Amino acid sequence: MSYLFINQMNLLDRAVKMVAELDEPAEQNYVRKHALEQAQALGIEVREAATRVFSNASGSYSSNVNLAVEIENSSWNNEKQLQDMYLSRKSLAFDSDAPGAGMTEKRKVFEN
């Protein structure tokens with residue numbers, strides 16, 4: 001059923017964005033509260049700040065950080081490089097507003 005994965009992720013993304021855009025007090029809607037805070041902090045729209053569904057690039061099924069650690073002649077020298085590898089590979093966002101357009105890198109949103 002992996003062929004349904006992208007559709008399921010887009011539905012989750014759409015649901016979270018809809019909840020973030022509800023016209024209700026932030027004290028009653030923590031998704032909205034955190035999206036509003038993140039939007040203000042990053043200078044982006046609430047809908048983009050509500051992005052919560054991240055994954056690898058299409059066709060990639062792992063961060064491969066474990067492979068970098070296991071290989072003796074690996075090019076990493078410190079933990080920060082491994083962290084950056086993980087974040088760069090896992091910060092691709094599903095975007096229900098542009099289905100089929102592919103995933104976009106949203107590392108600032110992912111890290112916050």
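Heads up: the structure comes first, above all this text.
Residues numbered from 1 in each chain as written. Predicted model: local features only at pLDDT ≥ 70, side-chain atom pairs only at ≥ 80, totals over all residues. Heavy atoms only, no water.

J.: Tell me about the pattern of salt bridges, and name the residues and values.
T.: Tallied over the entire structure, the rule returns two salt bridges. Across the pair Lys17 and Asp13 runs a salt bridge, and its minimum N-O distance is 3.0 Å. Taken as a pair, Lys17 and Asp13 lie in helix α1 (residues 5-20) at a separation of four residues, close to a single helical turn. Asp13 matches Lys17 in its accessibility class, with the two residues each being buried. (Salt bridge = Lys/Arg side-chain N within 4 Å of Asp/Glu carboxyl O. Helix = DSSP H or I, 4+ residues; strand = E, 2+ residues; numbered from the N terminus. Buried < 20%, exposed > 50% of the residue type's maximum accessible area, 1.4 Å probe, protein only.)

J.: With reference to specific residues and values, describe helix α2 (residues 30-42).
T.: Helical geometry note: an α-helix holds 3.6 residues per turn, so side chains three or four residues apart project in the same direction. Taking 1.5 Å per residue, 13 residues should reach 18 Å; α2 reaches 18 Å between its end C-alpha atoms and fits that length. Within the sequence span of α2, burial applies to Arg32, Ala35, Gln38, Ala39 and Leu42. Axial view of α2: buried residues confined to an arc of 135°, hence all on one face. For α2, exposure combined with an orientation more than 90 degrees from the buried face picks out Tyr30, Gln40 and Ala41. Its side-chain oxygen placed 3.2 Å from the backbone nitrogen of Val31, Asn29 serves as the N-cap of α2. (Expected span 1.5 Å × (residues − 1). Arc of directions from axis to C-beta. Polar contact = N/O pair within 3.5 Å; in protein donor to acceptor, adjacent residues only side chain to side chain.)

J.: For the environment of Arg14, give the residues involved together with the corresponding values.
T.: With respect to the helices and strands, Arg14 occurs in helix α1. Arg14 sits in the partly exposed class, given a relative accessible area of 44%. Considered as a pair, Arg14 and Phe94 are 80 residues apart in the sequence and their alpha carbons are 9.4 Å apart.

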